[in-house]
There are 2 protein chains.
Amino acid sequence: MALTTKGRATRQRIIEGAAAYLRSDEPVGVTLDDIRAITGTSKSQIFHYFPDGKEELFLAVARYEASRVLEDQQPHLGALTSWAAWDRWRESIVTRYRLQGRHCPLGTLMGEVGSTPGAREVITTLLGQWQNHVRKGIADMQESGLVRPALDPDRVAAAFIAGIQGGVLVLMSTGSTTHLEAALDTLIAHLRG
Amino acid sequence: MALTTKGRATRQRIIEGAAAYLRSDEPVGVTLDDIRAITGTSKSQIFHYFPDGKEELFLAVARYEASRVLEDQQPHLGALTSWAAWDRWRESIVTRYRLQGRHCPLGTLMGEVGSTPGAREVITTLLGQWQNHVRKGIADMQESGLVRPALDPDRVAAAFIAGIQGGVLVLMSTGSTTHLEAALDTLIAHLRG
DNA sequence: ACCACAGTGGACTCGCCAGTCCAGAAAAAT
DNA sequence: ATTTTTCTGGACTGGCGAGTCCACTGTGGT
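Since we're looking at a predicted model, the values are computed, not measured. (Residues numbered from 1 in each chain as written. Chains lettered and ligands numbered in written order. Predicted model: local features only at pLDDT ≥ 70, side-chain atom pairs only at ≥ 80, totals over all residues. Heavy atoms only, no water.)

Take the overall build of chain A next. The helix and strand tally for chain A stands at nine helices and zero strands. Expressed along its principal axes, the backbone C-alpha trace of chain A runs to roughly 60 × 40 × 25 Å. Residues counted as buried form 49% of the 193 residues belonging to chain A. Sequence separation of 24 or more characterises 71% of the internal contacts of chain A that already satisfy a separation of 6 or more. A total of about 8500 Å² of accessible surface is found on chain A, and carbon and sulfur atoms cover 53% of it. (Helix = DSSP H or I, 4+ residues; strand = E, 2+ residues; numbered from the N terminus. Buried < 20%, exposed > 50% of the residue type's maximum accessible area, 1.4 Å probe, protein only. Contact = heavy atoms within 4.5 Å. Areas by Shrake-Rupley, 256 points an atom, 1.4 Å probe, with all protein chains shown as cover.)

This is the structure we're talking about:
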């Protein structure tokens, strides 16, 4: 598929429009017609740019959203080299998800194409990169002597990922960030030793 | 609605059949016809016992599954009074979810009727009870002098809930219990101080 | 024996939604 | 200028699945 400038713009408009829709609205039953209406496109355009239909489109949106998840934590996530940096990171996560509220775009996406290998890959990649950053942060702190060396950075980083994911999950049903904050605070306290 | 013995049996058969189906099979698009076929019933029976249709049935199944989640952790969850008990509890959780594999019946249910108040209530209640048990366990340990009193039992219990939920979530996309174990181990290590 | 009401089967409706198709506009290539 | 390819609009199809309806059967009470 050779895209012209106009084509690329349209394709991007569809992805970003769909993402915005998922971020703003209720997640129940997202249809191609919804997206068509929101993005001001026609059926044929959607299938022109995403020949495999819904699944391909939703995967593209999921990738787009996944990249935003990490971007939203920068620059903190990339430089967890002091306790102050960890605190700022913690703050950025809590704020981000508090604003996002009950709607989890990625969660919705997973609900729609959830069990396909492609969908799993998007999530796995995202979580992997996320965990890598945290692991690196812990290792850096160990090198500076701020965290005791006995801790396994990868394992604790995995715990962070789990805690964050779970906190967000709870947020989705309770609407409160209590669990997310508790998980982050407890794990950071554990790092502090 | 006055149910006879036979009626109650049928109703229960539908719920348990649906639950078994969700536990065994892939979660994509569960239809009433699937459940009808699996449970050997007819459309009219489903609507006879669950007048509000899909949502009511799924909520009943969700409640059934939610009660199992806690039962499966007993007797350990109810008596977290020694380090050995915590370890056994940890083991029971990991084993349970390892067996369950990628399919999370409750997750699927939430995907279907996810945003209704009823669905949220089921989840909130389950998580609340779960957290209560853990909080009580931590408080017990503090009373025995096994855990330092400075820790806030409720907050750490919240972190446990988040960690477990997140661990299970990761399990669903990666198929590995690594994160679940890391979360549990790290938090228990934190309790040990 | 009868009757009222719970239980059951399964055909039917009806709307929704992913995906198709084709014809025409715009842009690129020659 | 023409031809080829991409882009766009929108009508149409086909299947699927929730929920309805009605006729029939079992069951328990009197």
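Still more ground to cover, so stick around.
This part is about the nonpolar core. Counting 118 residues, the largest nonpolar core has Trp86(A), Trp89(A), Trp130(A), Trp86(B), Trp89(B) and Trp130(B) as the members making the most contacts within it. Non-local contacts of Trp89(B), meaning those with residues more than four positions away in its chain, are made with Gln73(B), His76(B), Leu77(B), Leu80(B), Trp130(B), Val134(B), Phe160(B), Ile164(B) and Leu184(B). (Core = buried A, V, L, I, M, F, W, Y, C linked by side-chain atoms within 4.5 Å.)

On to the pattern of salt bridges. Counted under the stated rule, the structure contains 21 salt bridges over all chains. Between Arg23(A) and Glu65(A) there is a salt bridge, with the nearest N and O atoms lying 3.0 Å from each other. Highlighted residues: Arg23(A) in helix α1 (residues 5-24) and Glu65(A) in helix α4 (residues 54-71), separated in sequence by 42 residues. Under the relative-accessibility criterion, Arg23(A) is labelled partly exposed at 29%. A cluster of three or more residues bridged by salt bridges with shared partners is formed by Arg90(A), Glu91(A), Glu181(A), Asp185(A) and Arg155(B). (Salt bridge = Lys/Arg side-chain N within 4 Å of Asp/Glu carboxyl O.)

On the chain A side, the residues contacting the 32 residues of chain B number 33 residues. Counting each side, the surface lost to burial between chain B and chain A is near 2500 Å², with a carbon and sulfur contribution of 67%. Inspection of the chain B/chain A interface yields two salt bridges. The closest approach of N and O atoms between Asp185(B) and Arg155(A), which form a salt bridge, is 2.6 Å. Connecting chain B to chain A are five residue pairs in polar contact (both at pLDDT 80 or more). Sorting elements by how many residues they give to the side of chain B that touches chain A places helix α8 (residues 153-174) of chain B first, with 15 residues. (Buried area = accessible area lost by both parts, 1.4 Å probe. Polar contact = N/O pair within 3.5 Å; in protein donor to acceptor, adjacent residues only side chain to side chain.)

Before going further, it helps to spend a moment on the relation of the copies chain B and chain A. Aligned on chain A, chain B shows an RMSD of 0.1 Å; the corresponding rotation is 180° and the shift along the axis is 0.0 Å. With respect to symmetry, the two chain copies, as superposed, fit the operation of a two-fold axis. Mapped onto chain A, 100% of the interface residues of chain B are again interface residues, and the two copies thus contact each other with one and the same surface. (Least-squares fit on C-alpha atoms with pLDDT ≥ 70 in both.)

Close contacts around DNA strand C come from 22 residues, with Lys43(A), Gly7(B), Ser44(B), Gln45(B) and His48(B) the closest. The contact atoms of DNA strand C, taken as those within 4 Å of the protein, divide so that sugar and phosphate hold 65%. At 2.9 Å from a phosphate oxygen of DNA strand C is found a main-chain nitrogen or oxygen belonging to Leu32(A). Side-chain polar atom of Thr10(B) to a phosphate oxygen of DNA strand C: 3.3 Å apart, as the coordinates give it. Broken down by secondary-structure element, the contributors of at least two residues to the surface near DNA strand C are α2 (32-39) and α3 (43-49) of chain A together with α1 (5-24) and α3 (43-49) of chain B. Top element by residues in the surface near DNA strand C is α3(B). It accounts for five residues. Here the residues of the surface near DNA strand C sort into six nonpolar, ten polar and six charged. (Near = heavy atom within 4 Å. Nonpolar A, V, L, I, M, F, W, Y, C, P; charged D, E, K, R; others polar.)

Residue and element names in this part refer to chain A. In the contact formed by α4 and helix α6 (residues 105-113), the axes pass within 10 Å of each other and the chain directions differ by 155°. Relative to α6, the element α4 lies roughly antiparallel. In the packing of α4 onto α6, the handedness of the crossing is left-handed. Contact residues: Lys54, Glu55, Phe58, Leu59, Val61, Ala62, Glu65, Ala66 and Val69 in α4; Pro105, Leu106, Leu109, Met110, Glu112 and Val113 in α6. Residue classes in the contact of α4 with α6 are distributed as eleven nonpolar, no polar and four charged. (Axes fitted to C-alpha atoms, helices over the stretch in contact; angles between N-to-C directions. Parallel < 35°, antiparallel > 145°, perpendicular 65-115°, else oblique. Left-handed = near helix turned anticlockwise from the far one by under 90°.)

Residues and elements named next belong to chain B. Look at α1: 28 Å from first C-alpha to last across 20 residues, which is about the 28 Å you get at 1.5 Å a residue. For α1, the full list of buried residues reads Gly7, Thr10, Ile14, Ile15, Gly17, Ala18, Ala19, Tyr21 and Leu22. Packing partners of the buried residues in α1 comprise α2 (32-39), α3, α4 (54-71) and α6 (105-113). (Expected span 1.5 Å × (residues − 1).)

Before going further, it helps to examine the side chain of Ser173(B). Counting through the fold element by element, Ser173(B) comes out in helix α8. With a relative accessible area of 12%, Ser173(B) lands in the buried category. The contacts of Ser173(B), once residues within four sequence positions are left out, are Arg120(A), Ile123(A), Thr124(A) and Arg102(B).

Attention shifts here to the domain arrangement of chain A. Accessible area lost when the parts come together is the quantity often used to give the size of an interface. Residues and elements named next belong to chain A. Structurally, chain A comprises domain 1 (5-59) and domain 2 (70-192). The distance between the C-alpha centroids of domain 1 and domain 2 comes to 29 Å. With twelve residues of domain 1 at the interface, the matching set in domain 2 holds nine residues. Interface area, domain 1 with domain 2, both sides summed: about 980 Å², of which 71% is carbon and sulfur. Linking domain 1 with domain 2 are one salt bridge, by the criterion used here. One salt bridge in this structure joins Lys54 and Glu112, with 3.3 Å as the shortest N-O distance. Where domain 1 touches domain 2, the interface holds one residue pair in polar contact (both at pLDDT 80 or more). Every element with two or more residues in the side of domain 1 that touches domain 2 is listed here: α1 and α4. (Domains from an automatic or database assignment.)

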